[in-house]
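# A structural walkthrough
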Amino acid sequence: MMLSNLKLRATVNSLFIRLFASFLIVVVILVSFNFFSLTFSKNKVRDEVINYNTLNLKSTTDNYEKEFELIKNQLINFYFNENVQLLYFGGNSINYDIAAKTMQDIRQITVNPLLFLDNLILYYRKPSLVLDKNSMTADSTFFNKFYSSKDYPLAFWQSQFQSQTNFRVYAPSNFYDIPFANDYNSLGQAFPVVVKNTWTQDFYMAAFLDIRKMFQAYHLSINDNFFILDADGKQLFTSSTDANLGAPPAYDSAKAYTKKDNYYYFYRKGSVSGLIYVNVVPDAFIASQVKLNVSLVSLLIISLGISIVASLLFSFGFHQPIRRMVASSKQANSSVPVHSRISEFNQLGSQINRIHEDLNSKNSQLQSFAYMSKVKKIRSNLEMEFVDRPYVIVLFELTYMKRGQDYKRIEQNWSYYMRQFIELEFKKHYSESLTFQIESSRILSVIFMEESDYSALKQLLSQMKHIFDFDKEEVYVTMSISPFYTSAAQMTEAYDEALKLSKNRRLNKETQIIDGMEAPGLVSMFLTPRQEHEFVVNLQAGNEAETLQIVNRFLAQLYKKAATSQQFYHFGDEIIHKTLKILTAIQADYSHLGDQAVLREQIFDCHSYEQLAAYLEKFLTAAVDLIHRKKDERDPITAFVFEHLEKNYSGDITLELVADLLNISSGYLSTYFKDKAGVNFIDYLNDLRIRKAKEMLLEPGSLIQDVARKAGYQNMNSFNRMFKKFSGITPSEFRKQALP
């Protein structure tokens, strides 16, 4: 009995059983985790599908409501149209010339595809007159023949004069043109939207929105079961073709969705129109998204079987060599095994103990030899001492002539082979040199050398330059040499110095070697106040030749003074910035030229003085063309804002204050200004203040604190933050760069 217990314990404690049991435990844990993950994912997917439909309906609702808000603002703004007002205050007499101009204004509004307007009418009670985009007729003729609807007869439109509601969206209806009796020409289905002015009770406007176009543009769900209800729950519109789908359940504002029968009903109420939007998703669709795939479950079972078989084979394969190794060690030695629950480890442990005893004995002998070597001053195991060894850093910066995703792989190959070439050349002359790539376009080498060998290093770099120049039409190299350093702690300082020197390269396509001895002096990269004034005046006047002459003359000065490429780029960026501000001020649409970020990238793609001059000439020519087109156009509201801000930018200016001066709401002014000027009110104000601050900073003796206050900033933190946001640098850095 005892013998059988010992055999059983030995079997249980064997490495094979232990390994196999451990693998099985891991497999069971992983299978359990995967099953839990599948179950969790199923619930998560259901939640995500519901959340997706909720967000989808929110997007649809927001789009509809923004459209109604846009129509409302458009019609309110149209109330103040000069021709509309003249026609209204004309009394019972009709000025047909003004009426024709008003109809032309209506056509300009209805042709805007973003408004989805089928028609727009102006209804005057005295005389009973209706104007739309095509005609000017009596109200009875218009609503009974030209724009007839069973749901909205003439009496309905007449009753709107007594209605106290200034804005309302009515149920969509089919409208017809009836030139003759029983001859119906369909005009389509449209949303009637009535907008009234509180001060003009004898006149209102009505817009007819194309409901189908709105649905196609704003309803982005893959399910076409969509309803629009009024505030009382009455159905106004549906796109559903499902015969089994009845009327939606009653709207509950406390719930985002309701499930009824086999459908999910998602609700959202519009903040502008008060309409209720309903998106219906079949339960079968949601269930299909979260149903576990039979193939996935089958794959999980197969993976479990494969894992068990693999565990068995791996355990057996790992166990057999150890058994043979243990058997071999038994023949050579016999000793007391160490205590372990695994019998094979007990046997191996005794052999490891014997090896440790032997190693301890030898370590003791080596320690004795070490003491003797110390006494006899025998130096061994020499190590390189980094401290107090002079070294320089050479930074190679690669600039590729062609850019884009198609050249990424080519650039990677190029940088790899260049690094290999650089490392090989340095190793030939400086065996302890280190070369590695720190960025996709930067390769760094650490050269250990004496200062007396500096000229030899320059000569080696000149030889490498000739090799690099073979590919200068595709890529050119900037080689920057740091000063000498001796401490590892100065490695960062050395790299920063080399990086700083690399920015002193000239604007050309040649490979250049730059060190601290050749660093150029400071060159002003900004126009003088007088030159800037001449530039702005000539550009605003559309004088192309004079504008280009100012820019080309300054570029020639930079070239003559051997300015760096960065100084050229900063000047080009400043020219583009000033030009875009002028175009913004006159409300010219320069979107086809690109925004300032895109234009800045195009500047950095200019690799020579000639390329930069040609690029700026092309850009300024296009800008002058835009100025000529907009020269005779002038918007009174934005013009007032521009002029008021120009005169009062240093004071306490707010959107609400300017809106009060114009006798309009701040919200309307914000939307109108952004639409016309292409920039937010506050961004335009801050940009104007920073431009004025730059002019004051260039004045001799000006203090930054005084400039901030004169520019309209009472807080230095706000001034510094805004200056860096719109200029990319701080006020002190700007002054340092602008004033040589």
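For the structure itself, consult the block above.
Everything in this summary refers to the structure shown in the same document. (Residues numbered from 1 in each chain as written. Predicted model: local features only at pLDDT ≥ 70, side-chain atom pairs only at ≥ 80, totals over all residues. Heavy atoms only, no water.)

Broken down by element type, the chain carries 25 helices and 17 strands. Expressed as a percentage of its 740 residues, the buried residues of the chain come to 41%. Contacts spanning at least 24 positions in sequence make up 64% of the contacts within the chain whose residues lie at least 6 apart. As presented, the chain carries roughly 41800 Å² of accessible surface, and 54% of it is formed by carbon and sulfur atoms. (Helix = DSSP H or I, 4+ residues; strand = E, 2+ residues; numbered from the N terminus. Buried < 20%, exposed > 50% of the residue type's maximum accessible area, 1.4 Å probe, protein only. Contact = heavy atoms within 4.5 Å. Areas by Shrake-Rupley, 256 points an atom, 1.4 Å probe, with all protein chains shown as cover.)

Here the focus is the layout of surface pockets. Sizing a probe to match a water molecule and rolling it over the atoms shows the empty space that remains. In this structure, the largest pocket occupies an estimated 1500 Å³ of space. Looking at the lining of the largest pocket, the elements that each hand over two or more residues are α2 (15–79), β6 (183–197), α19 (636–648) and α21 (666–677). Per-element accounting of the lining of the largest pocket gives the leading share, 9 residues, to α2. The residue inventory of the lining of the largest pocket, partitioned by class, reads 16 nonpolar, 14 polar and 9 charged. (1 Å grid on protein atoms, 1.4 Å probe; cavity = no way out; pocket = protein on both sides within 12 Å on 5 of 7 lines; lining within 4 Å. Points joined across faces, edges and corners; volume = space filled by probe spheres on them. Nonpolar A, V, L, I, M, F, W, Y, C, P; charged D, E, K, R; others polar.)

In this section: the pairing of strand β9 (residues 235–238). Pairing geometry for strand β8 (residues 226–229) and β9, over 3 bridges, is antiparallel. Within β9, the residue paired with Leu229 across the bridge is Gln235. Counting the residues in the hairpin turn of β8 and β9 gives 5 residues, including Gly233, whose phi is positive at 90 degrees. (Pairing = 2+ DSSP bridges.)

One recurring pattern in soluble globular proteins is that nonpolar side chains are buried together. Phe68 and Trp157 are the most contacted members of the largest nonpolar core, which totals 64 residues. In terms of residue count, α2 provides more of this core than any other element does, 8 residues in total. The residues touching Phe68, leaving out its near neighbours within four places in the chain, are Phe167, Val169, Val193, Leu209, Met214, Val272, Ser273, Leu275 and Tyr277. Counting 35 residues, the second largest nonpolar core, distinct from the first, contains Phe571, Ile576, Leu580 and Leu583. (Core = buried A, V, L, I, M, F, W, Y, C linked by side-chain atoms within 4.5 Å.)

Here we come to helix α7 (residues 211–218). Of all the residues in α7, the buried ones are Ile211, Met214, Phe215 and Tyr218. For α7, the angular spread of the buried residues around the axis is 100 degrees, confining them to a single face. The N-capping residue of α7, defined by a side-chain oxygen 3.2 Å from the backbone nitrogen of Arg212, is Asp210. (Arc of directions from axis to C-beta. Polar contact = N/O pair within 3.5 Å; in protein donor to acceptor, adjacent residues only side chain to side chain.)

Let us look at the pattern of salt bridges. Tallying each qualifying case throughout the model produces 17 salt bridges. With a closest N to O distance of 3.5 Å, Glu425 and Lys428 form a salt bridge. Note that Glu425 and Lys428 are positioned in helix α11 (residues 408–429) at a spacing of 3 residues, about one turn of the helix. We note a salt bridge from Arg442 to Glu439, for which the minimum N-O separation is 3.2 Å. (Salt bridge = Lys/Arg side-chain N within 4 Å of Asp/Glu carboxyl O.)

With that settled, consider the packing of aromatic side chains. Centre distance and the angle of the planes are the two values used to describe a pair of aromatic rings. Summed over the entire model, instances satisfying the criterion amount to 52 aromatic pairs. Aromatic ring contacts, followed pair by pair, group Tyr123, Phe142, Phe143, Tyr147, Tyr152, Phe156, Trp157, Phe161, Tyr170, Phe175, Tyr204 and Phe208 into a single cluster. When the ring centre of Phe167 is taken as reference, the NZ or CZ atom of Lys72 above it lies at 5.3 Å. Positioned above the aromatic ring of Tyr713, the side-chain terminus of Arg689 is 5.5 Å from the ring centre. (Phe/Tyr/Trp six-rings, centres within 6.5 Å; stacked < 30°, edge-to-face > 60°. Lys NZ or Arg CZ within 6 Å of the ring centre and 35° of its normal.)

So, about the environment of Thr511. Among the secondary structure elements, Thr511 is positioned in the loop between α13 (491–502) and β17 (512–515). Distance in space between the C-alpha atoms of Thr511 and Leu398 is 9.4 Å, their sequence separation being 113 residues. Filtering out sequence-adjacent residues up to four positions away, Thr511 remains in contact with Lys465, Phe468, Asp469, Tyr476, Val477 and Met479.

Here we take up the packing of α11 against helix α12 (residues 454–468). Where α11 meets α12, the axes come as close as 12 Å, and the angle between the chain directions of the two elements is 150 degrees. In terms of their interaxial angle, α11 and α12 are classed as roughly antiparallel. Remark: the crossing between α11 and α12 carries right-handed chirality. Counting all contacts with α11, which are made through Met418, Phe421, Ile422, Glu425, Phe426 and His429, the residues of α12 involved are Leu457, Leu460, Leu461, Met464, Ile467 and Phe468. Along the lines of polarity and charge, the residues of the contact of α11 with α12 split into 10 nonpolar, 1 polar and 1 charged. (Axes fitted to C-alpha atoms, helices over the stretch in contact; angles between N-to-C directions. Parallel < 35°, antiparallel > 145°, perpendicular 65-115°, else oblique. Left-handed = near helix turned anticlockwise from the far one by under 90°.)

The strand order across the open sheet built from 5 strands is β9-β8-β12-β11-β10, with neighbouring strands paired in antiparallel fashion. Of all strands in the sheet, those with a lone pairing partner are β9 and β10 (257–260), marking the two edges. The average angle at which neighbouring strand axes cross in this sheet is 25 degrees, direction not considered.

The next point concerns the sheet that holds β17. If you trace the 5 strands from one edge of the open sheet to the other, you get β14-β15-β13-β16-β17, paired in mixed fashion. On the outer flanks of this sheet lie β14 (434–439) and β17, each paired with one strand and no other. Put simply, the sheet's adjacent strands are angled 20 degrees from each other on average, direction ignored. Of the pairings in the sheet, the one linking strand β13 (residues 391–400) to strand β16 (residues 475–481) comprises 7 bridges and is antiparallel in character. The residue bridging Thr399 from the neighbouring strand is Tyr476, located in β16.

Let us now look at the environment of Leu57. In this fold, Leu57 is placed in helix α2. For Leu57 and Ser221, which are 164 residues apart along the polypeptide, the C-alpha to C-alpha distance reads 8.0 Å. Non-local contacts of Leu57, meaning those with residues more than four positions away in its chain, are made with Phe226, Phe266, Tyr267, Arg268, Tyr277, Val278 and Asn279.

To continue, consider the environment of Ala456. For Ala456, the location among the structural elements is in helix α12. Judged by its relative accessible area of 36%, Ala456 falls in the partly exposed class.

Any link to function would need more than the numbers given here.
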